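So the chains spell out like this:
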Amino acid sequence: METGENVSPPAKGEVEAIKEQPEVKEALEETAHKETPQADTESKTKRSVIAGGYFVALGILLGSHFLLKLKIFPDDFAYRSLVERAVLGGVFITAVLFAMKLVEIYLLARIHNAVSRFNLNRILHLISGLAILFIGASMLFNNWTSAVVSLGLISLILGFALQTPISSFIGWIYILTRHPYRVGDRIKIGEARGDVIDVSYLDTTLWEIGGDYLSTDHPSGRIIKFPNSNVLNSPVWNYSWPLFPYIWNEIKFQVAYESDLEFVSDTMRKIAEAELGENMKKQISVFRELLAQTPVNHLEVRERPSVFFRPSENTWLEATVRYLVDPKMAGRIKNDLIKKLLKALNAAPDQVLFPKTNAR
């Protein structure tokens, strides 16, 4: 394809501003072959109060452990060993929770990217949970070796019994590291198509578009859940690539060979340009500059709509207008374009000859 005509190049500042966006910067790094999400609802003040509570509890437990070492219980007390292990376990568990809150307050809260902050928070909670589980198991035994062996046997049994959840968990890690999609992206995977609204440890939730009852890209009102393991063995179509968040769309009409094709072409192009607006064409021009820094051939990205003709299977020509559009606006823009195109073309019956029978 040819590049767009008569479109002024984007200002350098506009390109640089978009390049500074975390998602765009990461996508640029990936294409150079270098190695929108639910926010954390807890306020910093609330996390600080919780951390203070853990600190106080840790002090109390450490004091209790010190008193136990002073042998305040008689030597013949039957539950002395159990109490000591319980207090020691409480010390370690509280220390883990206290450390987790400190990481949230002083490290994760400083991350401006909401997606990264949300995902790292989940990983932190997962690691903390595993640590607490290990500490709790170790408190049931007299030494760490027994705890490790017991956990190893339990893990082996659970590994056979929970193969699907484990593979879904691995899929979650893959989603976090390779980013085939993020919360807010519009994707298609298998038969499922929609906007990603949540990515949990085991499954992904989509807000469905289209579906069984709709022929357009409007949300159907249903949600789709599928295991994260699907991403490991199914192709993913992502319509929200940060470096070029647009898709090509087409509208086709059948016209007679005797039509004024030049008039048809000019009319369809002008109406499509007017509907898309100068602002969108300018944004596409900005993203073309970003694509120029990747292996993608940016010359094949046109800011302006194009019109082309080809013979149909019957006795008519297909007049097709092709344009770039935001995927989440594609349905509305297509509907408006069809009405405006038909109105303009029908207003010139001597130049645009439409089929008048059922032979279409």
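All values reported here derive from a predicted model rather than from experimental measurement.

(A) Representation of the overall build of the chain. Broken down by element type, the chain carries 9 helices and 8 strands. Per-residue burial over the chain gives 37% buried out of 360 residues. Of the roughly 21000 Å² of accessible surface on the chain, a fraction of 60% belongs to carbon and sulfur atoms.

(B) Spatial organisation of empty space enclosed by the protein. In this structure, the second largest cavity spans a volume of roughly 40 Å³. If you go around the second largest cavity, you meet 10 residues; those closest to its centre are Trp 248, Arg 302, Arg 304, Arg 322 and Tyr 323. For the lining of the second largest cavity, the leading source of residues is strand 8 (residues 317–325), giving 3 residues. Along the lines of polarity and charge, the residues of the lining of the second largest cavity split into 5 nonpolar, 1 polar and 4 charged.

(C) Broad picture of the nonpolar core. Judged by nonpolar contacts, the single largest core of 31 residues is most densely connected at Met 268, Leu 337 and Leu 341. Mapped onto this core, the elements with two or more residues apiece are strand 6 (247–255), helix 8 (261–291), strand 8 and helix 9 (330–346). Here this core gets 10 residues from one element, more than from any other, and that element is helix 8. With residues up to four places along the chain from it excluded, the contact list for Leu 341 reads Ile 251, Phe 253, Met 268, Ile 271 and Val 321. The next biggest cluster of nonpolar side chains, apart from the first, holds 14 residues, and it includes Trp 172, Val 196, Leu 206 and Phe 226.

(D) Representation of the environment of Ile 170. With respect to the helices and strands, Ile 170 occurs in helix 7 (residues 163–178). On the basis of relative accessibility, which here comes to 45%, the residue Ile 170 falls in the partly exposed class. Once the C-alpha coordinates of Ile 170 and Leu 202 are considered, the two residues, 32 residues apart in sequence, prove to be 8.7 Å apart.

(E) Looking closely at the side chain of Arg 304. Examined against the element boundaries, Arg 304 turns out to sit in the loop between helix 8 and strand 7 (306–311). A polar contact of 3.0 Å, which involves the side chain of Arg 304, links it to the side chain of Glu 273.

(F) Local environment of unusual backbone geometry. Positive phi outside glycine occurs at His 179, with the angle close to 55°. Turning to its location among the elements, His 179 is positioned in the loop between helix 7 and strand 1 (186–189).

(G) View of the pairing of strand 7. Direction of pairing for strand 7 relative to strand 8: antiparallel, over a ladder of 6 bridges. Counted as the bridge partner of Val 307 is Val 321 from strand 8. Between strand 7 and strand 8, which follow one another and run antiparallel, lie 5 residues.

(H) Representation of helix 7 in the model. Along its 16 residues, helix 7 runs 22 Å from first to last C-alpha, staying within 8% of the 22 Å computed at 1.5 Å per residue. Turning to helix 7, its buried residues are Ser 168, Gly 171, Trp 172, Ile 175 and Leu 176. The buried residues of helix 7 all sit within an arc of 140° when viewed along its axis, so they share a single face.

(I) View of the pattern of salt bridges. Evaluation of the coordinates by the stated rule reveals 10 salt bridges. In this structure, Arg 222 engages Glu 208 in a salt bridge whose closest nitrogen and oxygen atoms are separated by 2.8 Å. With Arg 222 in strand 4 (residues 219–227) and Glu 208 in strand 3 (residues 203–209), the pair connects residues that are 14 residues apart, well separated along the chain. For Arg 222, a relative accessible area of 31% gives the class partly exposed. Classification of Glu 208 as buried rests on a relative accessible area of 8%.

(J) View of the sheet that holds strand 4. Strand order in the open sheet formed by 5 strands is 4-3-2-1-5, with antiparallel pairing between adjacent strands. Unpaired on one side and paired on the other, strand 4 and strand 5 (236–238) mark the two borders of the sheet. Each strand of the sheet is rotated relative to its neighbour by a mean of 40°, with strand direction disregarded. Strand direction decides the pairing type here: strand 1 and strand 5, joined by 3 bridges, are antiparallel. Bridge pairing in strand 5 places Lys 188 opposite Trp 237.

(K) Highlighting the packing of aromatic side chains. Taken as a whole and assessed by the stated rule, the structure comprises 4 aromatic pairs. On the basis of an interplanar angle of 35° and a centroid distance of 5.5 Å, the ring pair of Phe 169 and Trp 172 is categorised as tilted. Of this pair, Phe 169 and Trp 172 both sit in helix 7, separated by 3 residues, roughly a single helical turn. Taking the centre distance of 4.8 Å and the plane angle of 80° together, the rings of Trp 172 and Tyr 201 count as edge-to-face. One end of the pair, Trp 172, is in helix 7; the other, Tyr 201, is in the loop between strand 2 (192–199) and strand 3, with 29 residues separating them in the sequence. Given the relative accessible area of 28%, Tyr 201 is considered partly exposed. Through a chain of ring-to-ring contacts, the aromatic side chains of Phe 169, Trp 172 and Tyr 201 assemble into a single cluster.

(L) Structural view of the pairing of strand 2. Sheet topology places strand 1 next to strand 2; 4 bridges connect them, and they run antiparallel. Across the sheet, Arg 186 pairs through a bridge with Asp 195, a residue of strand 2. With antiparallel pairing between neighbouring strands as the criterion, strand 1 and strand 2 make up a hairpin whose turn holds 2 residues, including Gly 190 at a positive phi of roughly 65°. Pairing of strand 2 with strand 3, which is carried by 5 bridges, proceeds in the antiparallel orientation. Each bridged residue has a counterpart across the sheet, and for Asp 195 the counterpart in strand 3 is Trp 207. Connecting strand 2 to the antiparallel partner strand 3 that follows it, the hairpin turn spans 3 residues.

The rules behind the values
Within each chain, residue numbers correspond to sequence positions counted from 1 in written order. Since the coordinates come from a predicted model, pLDDT governs what is reported: local features require at least 70, and pairs of side-chain atoms require 80 or more to be given and counted, while whole-chain, interface and lining totals use all residues. Neither water nor hydrogens contribute to the side-chain values; these are computed over all heavy atoms in the structure. The way it works is that DSSP assigns letters per residue, a run of H or I at least four long becomes a helix, a run of E at least two long becomes a strand, and they are numbered from the N terminus. Each residue is assigned to one of three classes by its accessible area relative to the maximum for its type, calculated with a 1.4 Å probe on protein chains only: buried under 20%, partly exposed between the two thresholds, exposed over 50%. Only the protein chains shown count as cover for residues, and the accessible areas themselves come from Shrake-Rupley with a 1.4 Å probe. Definitions used throughout: a 1 Å grid over protein atoms alone; a cavity as a set of points that fits a 1.4 Å probe which cannot get out; a pocket as an open set with protein on both sides within 12 Å along at least five of seven lines; a lining residue as one with an atom within 4 Å of a point. Grid points are joined across faces, edges and corners, and a volume is the space filled by probe spheres set on the points. The nonpolar class holds Ala, Val, Leu, Ile, Met, Phe, Trp, Tyr, Cys and Pro. Asp, Glu, Lys and Arg form the charged class, and all remaining residues, Gly among them, are polar. Side-chain atoms within 4.5 Å are what join buried Ala, Val, Leu, Ile, Met, Phe, Trp, Tyr and Cys residues into a set we call a nonpolar core. Contacts: residue pairs with any heavy atoms within 4.5 Å of one another. Polar contacts, as counted here, are pairs of nitrogen or oxygen atoms within 3.5 Å of one another; within protein the pair requires one atom able to donate a hydrogen and one able to accept it, and residues that are adjacent in sequence qualify only if both atoms are side-chain atoms. Strands qualify as paired when DSSP identifies two bridges or more between them. A helix is expected to span 1.5 Å for every residue after the first. Here the arc refers to the set of directions running from the helix axis out to each C-beta atom. Put simply, a salt bridge is a Lys or Arg side-chain nitrogen that is within 4 Å of an Asp or Glu carboxyl oxygen. Working convention: axes come from line fits to C-alpha atoms, limited for helices to the stretch in contact. Angles between N-to-C directions cover 0 to 180 degrees. The aromatic pairing rule takes the rings of Phe, Tyr and Trp, using the six-membered ring of Trp, and pairs them if the centres are within 6.5 Å, calling planes under 30 degrees apart stacked, those over 60 edge-to-face and the rest tilted.

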